[in-house]
Amino acid sequence: LGRHKESDSSLAELLAKYSKDAPYQIAAAYAFRGEKDPAFEWLDRAYAGHDAGITEMKTDPLLANLRGDVRYTALLAKMHLGGKL
């Protein structure tokens, strides 16, 4: 939303405090910022760590930037959640 400095600061705080406990939320933050590669890295961590948030992946509006990416469809398939929304 054009508030890059505040966004960077909030993301840094999220990473510092919750990187072990909230990989899905970190992925969503990256996705919302349009940073696809780190978003998918964190989604993979969320999947591997059985983060409960990942069950919302198919409908989460924060992940809208990822839906056209083949990695998104592949992860949904791996989770047996089908293709695109």
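What counts, and at which threshold
By convention here, each chain's residues receive numbers from 1 onward along its written sequence. Selection of residues for local features in this predicted model requires a pLDDT of at least 70, selection of side-chain atom pairs for listing and counting requires 80 or more, and totals for whole chains, interfaces and linings are taken over all residues. In computing side-chain values, all of the structure's heavy atoms are included and hydrogens and water are not. Secondary structure follows DSSP: runs of H or I at least 4 residues long count as helices, runs of E at least 2 residues long count as strands, and numbering of each begins at the N terminus. Lines fitted to C-alpha atoms define the axes, with helix axes restricted to the stretch in contact, and inter-axis angles between N-to-C directions lie between 0 and 180 degrees. Here is the rule for angles: anything less than 35 degrees is roughly parallel, anything more than 145 is roughly antiparallel, 65 through 115 is roughly perpendicular, and the remaining ranges are oblique. By the convention used here, residues are in contact when the closest approach between their heavy atoms is within 4.5 Å. Basically, the charged four are Asp, Glu, Lys and Arg, the nonpolar ten are Ala, Val, Leu, Ile, Met, Phe, Trp, Tyr, Cys and Pro, and anything else, Gly included, counts as polar. Criterion for a salt bridge: a side-chain nitrogen of Lys or Arg within 4 Å of a carboxyl oxygen of Asp or Glu. Per-residue accessibility, obtained with a 1.4 Å probe over protein chains only, is compared with the maximum for each type, and a residue is labelled buried under 20%, exposed over 50%, and partly exposed between these values.

A.B. asks: Explanation requested: unusual backbone geometry in the structure shown.
C.D. replies: Keep in mind that most residues, glycine aside, have a negative phi and that most peptide bonds are trans. Non-glycine residue His50 carries a positive phi angle of around 55°. With respect to the helices and strands, His50 occurs in the loop between helix 3 (36-48) and helix 4 (70-78). The phi dihedral of His80 is positive, around 60°, even though this residue is not glycine. Residue placement: His80 occurs in the segment after helix 4.

A.B. asks: Would you mind showing me how to read the packing of helix 3 against helix 4 here?
C.D. replies: When two helices pack together, their arrangement is captured by the angle between the axes and the distance separating the axes. Contact geometry for helix 3 and helix 4: axes closest at 11 Å, N-to-C directions at 5°. Looking at the two axes, helix 3 sits roughly parallel to helix 4. Contacts between helix 3 and helix 4 involve Lys36, Asp37, Phe40, Leu43, Asp44 and Tyr47 from the first element and Arg71, Tyr72, Leu75 and Lys78 from the second. Looking at the contact of helix 3 with helix 4, its residues break down into five nonpolar, no polar and five charged.

A.B. asks: I tried to follow the pattern of salt bridges on my own but got confused; where do I start?
C.D. replies: Between side chains of opposite charge, pairing is possible as soon as their charged atoms come close. Scanning the entire structure with this criterion turns up five salt bridges. As a salt-bridge pair, Glu13 and Lys17 come within 2.9 Å of each other at their nearest N and O atoms. Remark: Lys17 and Glu13 occur in helix 1 (residues 4-18); sequence separation between them is four residues, near one turn of the helix. For Arg71, the salt bridge is made with Asp69, and the minimal N-O distance between the two is 2.9 Å. Owing to a relative accessible area of 12%, Asp69 belongs among the buried residues under this scheme.

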